[in-house]
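Structural description and commentary
This is what each chain is made of:
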Number of protein chains: 2
Amino acid sequence: MRIREALFGPATVGSVLILLLGLAFSTADAQQADSLPSWANRSARSAIVKFVREVTKKGGKEYVPPEQRIAVFDNDGTLWCEQPVVQIAFAMQRIKQMAPAHPEWKDRQPYKAVLAGDDQYLVDDLLSGGHAFLDMVETSHAGITKAAFRQNVREFLATARHPKFNVPYTKAVYAPMVELLAYLRSNGFETHICSGGGIDFLRVFSRPTYGINPANVIGSSTLDRFERIDGQWQLTKTRKGLFVNDKSGKPVGIELHIGRKPIFAAGNVRSGGDIAMLTYCHSHRLPSLQILVNHDDGDREFVYSEKDNASLNAAKEQGWHVVSMKSDWKQIFSFGDE
Amino acid sequence: MRIREALFGPATVGSVLILLLGLAFSTADAQQADSLPSWANRSARSAIVKFVREVTKKGGKEYVPPEQRIAVFDNDGTLWCEQPVVQIAFAMQRIKQMAPAHPEWKDRQPYKAVLAGDDQYLVDDLLSGGHAFLDMVETSHAGITKAAFRQNVREFLATARHPKFNVPYTKAVYAPMVELLAYLRSNGFETHICSGGGIDFLRVFSRPTYGINPANVIGSSTLDRFERIDGQWQLTKTRKGLFVNDKSGKPVGIELHIGRKPIFAAGNVRSGGDIAMLTYCHSHRLPSLQILVNHDDGDREFVYSEKDNASLNAAKEQGWHVVSMKSDWKQIFSFGDE
């Protein structure tokens, strides 16, 4: 009856305010309970929710002030599918589009292999250091203005489709991780991508796909050139100052771009590329949480692992939470029925 | 009478809400009017207030959405005093502190000059490219862990005092610019430092001094090394991958760290170091504003200018707002009486 009175009957400013505040709090509680609907009620989900509750509880001994609530997420295999690696698919498409202007590529590797669809050549090169591969990526990315590069990426993402799921690559993102990003942000976390992929490539879709602004993207990078072209000041992509944001480069990239150690980090099992990032996060003097996505669902996604098992071994040693896509995720993608 | 009724008499939720919203708006208006108290009521202040009102007015033709409200500020000479350049004072103090372990420095330039207090040698070197100077800065900054470096900077800032004003360097900051940073943030802007100074040096004091988080600092940088030292994972400063965030490097640094073009940029007259940054901002397709601080107040600060007048010429050509410290700032510093 008091609520009814406050809403519809005579009321003081005070009682209305109390009511409004009360409504706001109940809404917040409800939001939290519903914010990870794709996560099965298992230990990974519980660990995440417990961690977030503790670091946000003012006066609690695990409390972490908002400016220190930094979360970093690998992208390929952690936020979206990495079978195939999307940026490589983009680079190969660009090489094909550029080929008519480069007749010499027909006899030159790795272009010959790309144009002939000889994937094995590229795989062999990658396994032996990836020099030809890097050259191809640079050729397909550098020497054009930032604006032109972004346009190329946009066109690719608008037209290319995932070979298994037949959706645009930006739809082959993991619904549980998109929920987790939003859940962390609603609890005062600043969310960042920290990927071995190119920073310029990632920034084209980070905001519409994950709600992550370009400024919060950390990736491999080169240094642009600022120059006047046809009377317009432009940034041009170059091959200079290459920084590879992978493996032990990830903590370096995080420090360069954020300047603070994250208290939350998420990576995945494949190449050991996230071990250094999770180790770095785990070394925090403040409470921290690490999760490692394991690709063990061949029906709904893919099954793959590491030859040396380094990531899973590190997880066991340091107490990171391994997320089984098969068991921990009720839903993997938000497209169609599964 | 209606307001009185709403406050003290019987009221519906609707009328109370309208009243509360009304109060909120009047408070916001008042805040805006009072938020730049150190600025004289002249054209620079008017231009800033007009610009901010226009880009924040929803539905207005100059409206800019919050995620595009990026503001960048040079530091030396724009946010704080650059006479002397504080980071050079820090580097020279470090060289003196390190000297006992380096007896060979007594006969080796530029260390000999630093230890002998021969400023002219360093000035001459800077004018001829600054190679000896850069070597000295690197020696005083690199080869130690990030944690140790930060501690060195903290100790310096806690003890060193500005030679003219006899206050810590972090107090020799321009009150009108600190107000401007807060004013922009309260209007949905994201504020960033974009300085030729070292990113690690700036990040030690950016938050307490300017309210700018480490992640929003853009500066000259090198690439750290992630390594285990005495069982602890650490980042160590190196000399590798040097990126100089000055002159045409500033748009490159902005792109690397933010990935978006700013709509607001502030720099100062001295070396022409901010021309490229302001030009870049000015080339925005969205409404933008550029301000250029002119050091013309020898009584309250310092008087200096550029030999070739390049910054002021560019300001005239592109329509940037020149801020006279003497005329536009009622107060320069917040310490003592002026």
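Located above this text is the structure these notes cover.
These notes cover the structure that comes with them. Starting from 1, residues in each chain are numbered consecutively following that chain's sequence as written. Note on labels: chains are lettered from A, ligands numbered from 1, in written order. Only residues with pLDDT of 70 or above have their local features reported here, since the model is predicted, and side-chain atom pairs are shown and tallied only from 80 upward, although totals for entire chains, interfaces and linings are computed over all residues. Heavy atoms from the whole structure form the basis of all side-chain values; hydrogens and water molecules are not counted.

1. Looking at the pairing of strand E3 (residues 217–220) of chain A
To be explicit about the condition: By the convention used here, strands pair only if DSSP detects at least 2 bridges between them. In this text, helices come from DSSP runs of H or I with a minimum length of four residues, and strands from runs of E with a minimum of two, each type numbered from the N-terminal end.
Relative to E3(A), strand E2 (residues 190–198) of chain A runs parallel, the two sharing three bridges. By the bridge assignment, Gly198(A) is partnered in E3(A) with Ser220(A).

2. Focus: the packing of aromatic side chains
Filter applied, for reference: Only centres within 6.5 Å qualify two rings of Phe, Tyr or Trp (six-membered ring in Trp) as a pair; their planes then separate them into stacked at under 30 degrees, edge-to-face at over 60, and tilted for everything else. Burial classification: accessible surface area is computed with a 1.4 Å probe over protein chains only, and a residue below 20% of its type maximum counts as buried, one above 50% as exposed, and the rest as partly exposed. Cation placement over rings: the criterion is NZ of Lys or CZ of Arg within 6 Å of the ring centroid and within 35° of the ring normal.
As enumerated under the stated definition, the model contains 40 aromatic pairs over all chains in all. With 5.4 Å between their ring centres and 70° between their planes, Phe90(A) and Phe156(A) make a pair best called edge-to-face. With Phe90(A) in helix H4 (residues 86–98) and Phe156(A) in helix H8 (residues 146–159), the pair connects residues that are 66 residues apart, well separated along the chain. Take Phe90(A): its relative accessible area is 0%, and that puts it in the buried class. With a relative accessible area of 3%, Phe156(A) lands in the buried category. Through a chain of ring-to-ring contacts, three or more aromatic side chains come together here, namely Trp80(A), Phe90(A), Phe149(A), Phe156(A), Tyr169(A), Phe201(A), Phe205(A) and Tyr210(A). Cation over ring: Lys164(A) sits above Phe302(A), and NZ or CZ is 4.7 Å from the ring centre. Lying over the aromatic face of Phe149(B), Lys237(B) brings its terminal NZ or CZ to 4.6 Å of the ring centre.

3. What to know about the nonpolar core
Grouped burial of nonpolar side chains is what soluble globular proteins tend to show. What counts, and what does not: Joining through side-chain atoms within 4.5 Å is the link that ties buried Ala, Val, Leu, Ile, Met, Phe, Trp, Tyr and Cys residues into a set, and such a set is a nonpolar core. We call two residues in contact whenever any of their non-hydrogen atoms come within 4.5 Å of each other.
Among the nonpolar cores identified, the biggest contains 57 residues, and Trp39(B), Phe73(B), Met177(B), Leu180(B), Phe264(B) and Ile291(B) are the most heavily contacted of them. Of all the elements in the fold, those that place two or more residues in this core are helix H3 (43–56), strand E1 (70–73), helix H4 (86–98), helix H8 (146–159), helix H9 (175–186), helix H10 (199–210), strand E6 (264–268) and strand E7 (289–294) of chain B. For Phe264(B), the residues in contact, after removing those within four places along its chain, are Phe51(B), Ile70(B), Ala71(B), Val72(B), Phe73(B), Leu180(B), Leu184(B), Phe189(B), Cys281(B), Leu289(B) and Ile291(B). Ala44(A), Val173(A), Ile212(A) and Ile263(A) belong to the second largest nonpolar core, which has 56 residues in total.

4. Thoughts on a nonpolar patch on the surface
Residues and elements named next belong to chain A. For the record, the criterion: Patches draw on residues past 30% relative accessible area with no salt bridge. Two like charges within 9 Å are joined, as are two nonpolar side chains (Val, Leu, Ile, Met, Phe, Trp, Tyr) within 5 Å. Each accessible area is a Shrake-Rupley estimate made with a 1.4 Å probe; only the visible protein chains count as cover when residues are assessed. Basic side-chain nitrogens of Lys or Arg form a salt bridge, by our definition, when they fall within 4 Å of a carboxyl oxygen of Asp or Glu.
Together, Leu-134, Leu-242 and Val-244 make up a nonpolar patch on the protein surface, roughly 220 Å² of accessible area in all. Tracing the sequence through the fold places Leu-134 in helix H7 (residues 131–141). Note on Leu-134: relative accessible area 35%, which makes it partly exposed.

5. Description of the sheet that holds strand E1 (residues 70–73) of chain A
Residue and element names in this part refer to chain A. The criterion, for reference: Only the contacting stretch of a helix is used when fitting its axis, a line to C-alpha atoms as for every element, and angles between N-to-C directions run 0 to 180 degrees.
The strand order across the open sheet built from six strands is E3-E2-E1-E6-E7-E8, with neighbouring strands paired in parallel fashion. This sheet does not close on itself; its edge strands, each paired only once, are E3 and strand E8 (321–324). If you compare each strand with its neighbour and ignore which way they point, the axes differ by 20° on average. Examined bridge by bridge, E1 and E2 share four bridges and lie parallel to one another. Along E2, the bridge assignment pairs Ala-71 with Thr-191. Helix H3 (residues 43–56) contacts strand E6 (264–268), strand E7 (289–294) and E8 of the sheet and is inclined by roughly 155° relative to E7. Sheet strands in contact with helix H13 (residues 310–318) are E6, E7 and E8, and its direction is about 145° off that of E7.

6. With respect to the sheet that holds strand E8 (residues 321–324) of chain B
All names here are of chain B. In spatial order, the strands read E3-E2-E1-E6-E7-E8; together these six strands make up an open sheet with parallel pairing. Bordering the open sheet on either side are strand E3 (217–220) and E8, each of which pairs with just one other strand. Averaged over all pairs of adjacent strands, the angle between strand axes in this sheet comes to 20°, irrespective of strand direction. Lying on the sheet, H10 is in contact with strand E2 (190–198) and E3; it crosses E2 at an angle near 145°. Against the sheet, helix H13 (residues 310–318) touches E6, E7 and E8, its axis set at about 145° to E7.

Everything listed is a geometric property; what it means functionally is a separate question.
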